[in-house]
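Breakdown of the fold
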Amino acid sequence: MKIVLASGSPRRKEILENMNLKFDIIKSEIEETTIENESPKDLVKRLSYEKAYDIASKNLDSIVIGADTVVVLDNNVLGKPKDEDEAFNMLKQMSGREHDVITGVSILCLDLKKEICDYCVSKVKFKNLSDEEIYSYIKTGECMDKAGAYGIQGLGGLLVEYIKGDYFNIVGFPISSAAEILKNDFNIDIFKLNEGRFA
C-alpha cells in the first residue's frame, strides 16, 4: 500500500526517510484554525487529523500520515513567530524554564476504514539565556519557521539544558509512536523493512 505524508515539513520528511520508508509527499493546504478553549493536545490531534483526512479523502487506497506540532508554555500555544520581536519574546519567556512540545499524529486509510489519532508530549528545559544570546540566535534566521521560535535539531540545540521524552517529537514527528501505529494497525513493521540493511 502506498504511504503518503500530508506535510511539507523537511524535518518530518527526513525522519521518515531515515527509517527507510518509501512514501510520497502531498502537502495538505487546510487552514489551521483554532477553537476557543481547545486544549493544546486536542488542537494537535484535530489538526493532524484534518491534514491527513484532506489528503486521504482524495487517495482512498493510501495510508496517509498527518502531523501537527506545537510548543506550549503556561498552557499557551507558541506558534511560528511573525517577526524577530515576537521570536525574542517567545525565547525570553522560555529562558530558564521547562516547556512542552506536543505533536499530534493521525494515520488514516479510508479504504480500510482505519483512522488512528494520537499525540506525544516531550518536555524541554532551556538554559538561562542572556538577551545577547537570544539576539545572536535570532540573527541566524533559524527560528523564523519553527514553532516556539527554535529548532532543537539545529543551532537551537545550544539553548537547551535538558529534554524529557521523545527527541524526535521535539523535532516534529514522534517516529516511535507512529511506528507502533503502522505495525499494530496497518501491518507495516519498520524493522522488517530494514532487515539486512546494515549488514
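Attention here is on the structure that accompanies the text. As the structure is a prediction and not an experimental result, all values here were calculated from the model.

Helix and strand counts for the protein chain come out as seven helices and seven strands. Written out in order from the N terminus, the α and β elements of the protein chain read β-α-β-α-β-β-α-β-β-α-β-α-α-α. Its C-alpha atoms give the protein chain a radius of gyration of 17 Å, within 12% of the compact-globule value 16 Å for 199 residues. Oriented by its inertia axes, the alpha-carbon framework of the protein chain measures out at about 50 × 50 × 25 Å. Classification of the 199 residues of the protein chain by burial places 46% in the buried group. Relative to all contacts within the protein chain whose residues are 6 or more apart in sequence, the contacts with residues 24 or more apart total 67%. When the accessible surface of the protein chain is totalled, it reaches about 10,400 Å², and 48% of it is carbon and sulfur. Averaging the locations of the 26 positively and 34 negatively charged side chains of the protein chain gives two centres separated by 3 Å.

Turning to the nonpolar core, a few remarks are in order. Counting residues in hydrophobic clusters, the biggest one holds 43 residues, and the most contacted among them are L91, I107, F126, Y150 and F173. Sequence-distant contacts of I107, defined by excluding residues within four places in its chain, comprise I63, V64, I65, K114, E115, I116, A178, I181, L182 and F186. Judged by nonpolar contacts, the second largest core, of eight residues, contains A6, A52, I55 and L110.

Here we come to the pattern of salt bridges. Two side chains that carry opposite charge are able to pair once their charged atoms sit near each other. Scanning the entire structure with this criterion turns up 15 salt bridges. Between K51 and D68 there is a salt bridge; the shortest N-O distance is 2.9 Å. Taken together, the residues span a long stretch of sequence, with K51 in helix α2 (residues 40–56) and D68 in strand β3 (residues 63–73) at a distance of 17 residues. Overall, D68 belongs to the buried group, its relative accessible area being 5%.

So, about the layout of surface pockets. In this model, the largest pocket occupies a volume close to 910 Å³. Along its surface, the largest pocket is lined by 40 residues, and E32, K51, D68, T69 and K80 are the ones closest to its centre. Within the residue set of the lining of the largest pocket, elements represented by two or more residues are α1 (10–18), α2, β3, β4 (76–78) and α5 (167–171). Put simply, the second largest pocket is a space of about 260 Å³. Lining the second largest pocket are 13 residues, with M19, A179, D189, I190 and F191 sitting closest to its centre. Elements with a minimum of two residues in the lining of the second largest pocket: α6 (175–186) and α7 (190–193). The leading source of residues in the lining of the second largest pocket is α6, at five residues. For the lining of the second largest pocket, the class distribution of residues is seven nonpolar, two polar and four charged.

On to a nonpolar patch on the surface. Together, I163, Y167 and F168 make up an exposed nonpolar region whose accessible area comes to about 230 Å². Within the fold, I163 resides in strand β7 (residues 160–164).

Rules and cut-offs
Residues numbered from 1 in each chain as written. Predicted model: local features only at pLDDT ≥ 70, side-chain atom pairs only at ≥ 80, totals over all residues. Heavy atoms only, no water. Helix = DSSP H or I, 4+ residues; strand = E, 2+ residues; numbered from the N terminus. Rg over C-alpha atoms; globule rule 2.2 N^0.38 Å. Buried < 20%, exposed > 50% of the residue type's maximum accessible area, 1.4 Å probe, protein only. Contact = heavy atoms within 4.5 Å. Areas by Shrake-Rupley, 256 points an atom, 1.4 Å probe, with all protein chains shown as cover. Lys, Arg positive; Asp, Glu negative; His and termini not counted. Charge placed at Lys NZ, Arg CZ, Asp CG, Glu CD. Core = buried A, V, L, I, M, F, W, Y, C linked by side-chain atoms within 4.5 Å. Salt bridge = Lys/Arg side-chain N within 4 Å of Asp/Glu carboxyl O. 1 Å grid on protein atoms, 1.4 Å probe; cavity = no way out; pocket = protein on both sides within 12 Å on 5 of 7 lines; lining within 4 Å. Points joined across faces, edges and corners; volume = space filled by probe spheres on them. Nonpolar A, V, L, I, M, F, W, Y, C, P; charged D, E, K, R; others polar. Patch = residues over 30% accessible without salt bridge, like charges linked within 9 Å, V, L, I, M, F, W, Y side chains within 5 Å.

Remember, this is a structural readout, not a statement about activity or role.
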